[in-house]
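Residue strings, one per chain:
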Amino acid sequence: MGVTIAFWLLAIMCIISALAVVLGRNIFRAALLLALLFFSVAGLYIILNADFLAAVQVLIYVGAVAILVLLAIMLTRDVTAGGALNKFRLPALIFSLLLVMALVYSVLSTPWQISPQAPLETTTAALGEKLFGEGGFILPVEVAAVLLLASALGAIVLVKEKDGKWKSG
Amino acid sequence: MVLRTEPFILNMGPQHPSTHGVFRMRLTLDGEVVVDLEPVFGYLHRSMDKISETRTYQQIIPLTDRCLDYLASMSNNLSYVLAVEKLADIKVPERAEYLRVIMAEMMRISSHLMAVGFMLNDMGAFFTPLMYMFREREKLLDLFEMVSGQRLNYNYMRIGGVSQDVPEEFLPALKRFVQEMPHFIDEYDQLLAENEILLARSKGVGVLPADLAVNSSASGPVLRASGVKWDIRRGDPYSIYDRFAFDIPTGTAGDVYDRYRVRIQEMRESVRILEQAIAQLPGGLHRARVPYLLRPPVGEVYGRIEAPRGELGFYLVSDGSIAPYRLHVRGPSFLNLTALRDMVVGWKVADVVVILGSIDIVMGEVDR
Amino acid sequence: MPWNWFDRPLPADWPGGYWWHLLVFAVFIVGLTLTMVMIFIYLERRGVARFQIRPGPNRCGPFGIMQPMADAIKVLFKEDIVPDKADGVLHWLAPVVAFFPALLILAVVPFHNGAALVDLDIGILYVIAVSSISTLGVVMAGWSSNNKYSLIAAIRAIAQTVSYELPMVLSIIGVIVLTGSLSLNDIVARQSVPFIFFQPLGFLIFLIGLMAEMNRSPFDLMEAESEIVAGFHTEYSSMKQALFYLAEYAHAFGGAAIISTLFLGGWKGPILPPLVWLLLKTVLVFAIMFWARATLPRVRIDQFMGFLWKGLLPLALINLFFTAAEVLVWPDGLPLALIPINFVAAGFLIVVWSGLIKFGGGRVAVQ
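Residues numbered from 1 in each chain as written. Chains lettered and ligands numbered in written order. Predicted model: local features only at pLDDT ≥ 70, side-chain atom pairs only at ≥ 80, totals over all residues. Heavy atoms only, no water.

Section: the domain arrangement of chain A
What the domain assignment lists for chain A is domain 1 (1-79) and domain 2 (124-164). Look at where the C-alpha atoms of domain 1 of chain A and domain 2 of chain A centre, and you get two points 24 Å apart. (Domains from an automatic or database assignment.)

And the structure:
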């Protein structure tokens, strides 16, 4: 009962904040609402007994991603005047509607299997086993990490001039 | 790919905790890096030069207390009375000369204590060094109170001498202070001089090269920290400074750290001068007989001294009346600010306040 | 794992069940935090005053102990000023966002064996996650104030956050390797000898990271008084400003409680009751913080970030490596003979590393 109430509260919070992120005019507030969205997703994880994932969600998404987005926004001008009213409004609407339809269709048509097992009490140790244990996922994770690092370095190289100075003008 | 950026303009001051009064710097920033600096001043202008033209020569002395460097009133008094005495050719009694030197050197210690303390405070050392330095400054202020009855604006010097002889409890107290002071200066050194953060914040920061220092007519500790051995007490001796043995501490790099070290060393030298002056102090009159309404002969004169902040000069033009025809002050704080932009550009916002603190300005003197 | 409190049978030993337990602990934690904030403010003002050879506040009540109370009452009656063109909603919300993580941290701190609001399995991870939210409050305050000093402070806060979190988390991992659990209760239970003896370097790194996170001098770059006036709360007044002040000290209390729990043995100690031991240790940690505040000048933001990335991060990695090696060699608990070796190794590493990196200078060529 309590879990159901919590789920609906979090779900409504998620959807409202997500819509506000997209529709709001003030980008700074939109970024803050994005943090709220991440936070409510963390709440959903908690309901699913994925406590480790929830904490990491807050740490990475609220504590790092949202804050870096805010940093980028703070360094720009006309934050309050920006908005969704640009020339890509109609195409964006169409494509997002298509995406929603596809998602809804796939969710409804998938035969979801409900595991008979009780959820793990402590997920952290199990995650550690999966990651570092025998036949763990450490290699794919490392490969993904190296890929992300390479893309970060690429971004730096793109904005850096040949003689080592930062471009500005 | 080119990122289009635009400058970030920050008005530091006139209301700011560490601009030493009502100084305003219009900083153009690139991130935290200062790209340009435009000093704006005049918020404290009280028109000292013009007011002086309507005062008699004696009446100007209290003005020099208030309208100039209020942290070194004795030095302002001294510079002014020296100029007037030069103009009117007045002979000052021996005892008065010694008392003047004692006062000026005490003032230098007191002023340098404030300068170093506030510079460390600007660096973020949350008042602790400042409070330690205030402890000694307090003793000096007590001594000044003994001789003049005032703690900030002393109005002690007179044309032809000093306003009154020192009370008998003054000399023992001064002797005790002179004995204790080297120990306290060591204590300041121990407190922070070799601190890693202080070194990182001050070494190499805000370098003023010697040629630029000379060209921008900087003076005082700012000039000497750049390695120029120029002290008016030695280079153009006034009063009786040629009778004392003292060294002129100089820096090498001309950075914030050197200015800090030079001030600490100068305090030691001032203590040396005080020791000698106390030992040699003669008896006799403390003041020559000078008419109250002094009418100096027609002419002009420039009298200068080595004030704590640098060369403090008074340019006086007399038309033979009881008031100067023109009075101009060469304030060291103002002229030391000339090179501020060259020192600051390229450093961070946090360095701006430290560099400004190391120049040690008093807005009363900058704006006059 | 008390996420599903709602679906659990009530334990026999709690008369009102879990809700009662939660209510009591929540009220206890809020009350304790507010009391400790007052005590901390008083201690800091008196303590720093002693460092500065002055008496400090001594007029209000015996020895001035009512001074924080008087300040709180005064600040309540101040006029609340919101700058023109400020983002009113965010301006109002920012102190709240900055304050509540400080309280949330204390939810997992054990005051006795098992006596915490909740004993989470992911305890320490939860602490790090929650305390990273407070940066959001600082950023909101900095941006919504419509003030350039505040904006600089907000940008500094972000730059600082990305820098200090990494060495801090890595230094915690040393402790986790030693205990094999993320739960703070387990961590305390496993400390027959406080972990500071096995993790001297980790303790120092965590302390520095914590001081950066809690915005304490010499790392108080976000509110650097002599540089950017009051940083992110330049435009705050009245109760909102007080809430930031409260958040700072509540965070100091929370952080000190965490560091006591991780490295100093938490509630463990002879003779005195466990809660008293924990509070004594927090006061000790806080004393180190205001000692640093009273003594050291402030580092510059780029120097500080260089220090964190080039100094602390490699040291934290080395520390983690050594701890892991030690645990591999002695899986059943480390021998006490390692304690002097650890201290010598930590001292050696610090000396060598500080020789390798330099933080002076930093002039940027401007055309």
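Structure's up, so let's keep going.
With respect to the sheet that holds strand β7 (residues 310-318) of chain B
Residues and elements named next belong to chain B. Reading across the sheet, the 3 strands line up as β6-β7-β8 and stay open at both edges, with antiparallel pairing between neighbours. Looking along the sheet, the strands with just one partner apiece sit at the ends: β6 (299-307) and β8 (326-330). Between one strand axis and the next, the sheet turns by 10° as a mean value, whatever way the strands run. In this sheet, β7 lies alongside β6 in antiparallel orientation, the contact comprising 9 bridges. Counterpart to Ala-307 in the pairing with β7 is Gly-310. (Pairing = 2+ DSSP bridges. Helix = DSSP H or I, 4+ residues; strand = E, 2+ residues; numbered from the N terminus. Axes fitted to C-alpha atoms, helices over the stretch in contact; angles between N-to-C directions.)

Some thoughts on the packing of aromatic side chains
This model, assessed by the stated rule, comprises 26 aromatic pairs over all chains. Both rings, one in Tyr80(B) and one in Phe314(B), keep their centres 5.5 Å apart while their planes meet at 65°; by these two values the pair is edge-to-face. One end of the pair, Tyr80(B), is in helix α3 (residues 73-88); the other, Phe314(B), is in strand β7, and 234 residues separate them in sequence. Look at Tyr80(B) and you get buried, because its relative accessible area is 0%. Using a relative accessible area of 0% as the deciding quantity, one classes Phe314(B) as buried. Clustering of aromatic rings is evident, with ring pairs tying together Phe40(C), Phe51(C), Tyr245(C), Tyr249(C), Phe253(C), Phe286(C) and Phe290(C). The residue whose ring lies beneath Arg368(B) is Phe334(B), and the NZ or CZ to ring-centre distance is 5.8 Å. (Phe/Tyr/Trp six-rings, centres within 6.5 Å; stacked < 30°, edge-to-face > 60°. Buried < 20%, exposed > 50% of the residue type's maximum accessible area, 1.4 Å probe, protein only. Lys NZ or Arg CZ within 6 Å of the ring centre and 35° of its normal.)

Some points on the nonpolar core
Tyr80(B), Met103(B), Met106(B), Met181(B), Leu340(B) and Leu262(C) are the most contacted members of the largest nonpolar core, which has 251 residues in total. Per-element tally for this core: the top contributor is helix α6 (residues 148-179) of chain C, with 14 residues. Leave out the neighbours within four places in its chain, and Met103(B) touches Met74(B), Phe144(B), Val147(B), Tyr156(B), Met157(B), Val166(B) and Phe170(B). (Core = buried A, V, L, I, M, F, W, Y, C linked by side-chain atoms within 4.5 Å. Contact = heavy atoms within 4.5 Å.)

Some words on the packing of helix α4 (residues 94-122) of chain B against helix α5 (residues 128-148) of chain B
All names here are of chain B. Packing of α4 against α5 brings their axes to within 9 Å, and their N-to-C directions diverge by 155°. The orientation of α4 with respect to α5, classified from their angle, is roughly antiparallel. The interaxial crossing formed by α4 with α5 has left-handed handedness. Only Pro-129, Leu-130, Met-133, Phe-134, Glu-136, Arg-137, Leu-140, Leu-143, Phe-144 and Val-147 of α5 make contact with α4, whose side of the interface consists of Met-103, Met-106, Met-107, Ile-109, Ser-110, Leu-113, Met-114, Val-116, Gly-117, Phe-118, Leu-120 and Asn-121. Class assignment for the residues of the contact of α4 with α5 results in 17 nonpolar, 3 polar and 2 charged. (Parallel < 35°, antiparallel > 145°, perpendicular 65-115°, else oblique. Left-handed = near helix turned anticlockwise from the far one by under 90°. Nonpolar A, V, L, I, M, F, W, Y, C, P; charged D, E, K, R; others polar.)

Quick look at α4(B)
Residues and elements named next belong to chain B. Over its 29 residues, α4 extends 42 Å from the first C-alpha to the last, a length consistent with the 42 Å expected when each residue adds 1.5 Å. Among the 29 residues that make up α4, 27 are buried, leaving the element largely enclosed by the rest of the structure. Backbone geometry just after α4 places Gly-124 at a positive phi near 105°. (Expected span 1.5 Å × (residues − 1).)

A few points about the side chain of Arg330(B)
Turning to its location among the elements, Arg330(B) is positioned in strand β8. Take Arg330(B): its relative accessible area is 13%, and that puts it in the buried class.

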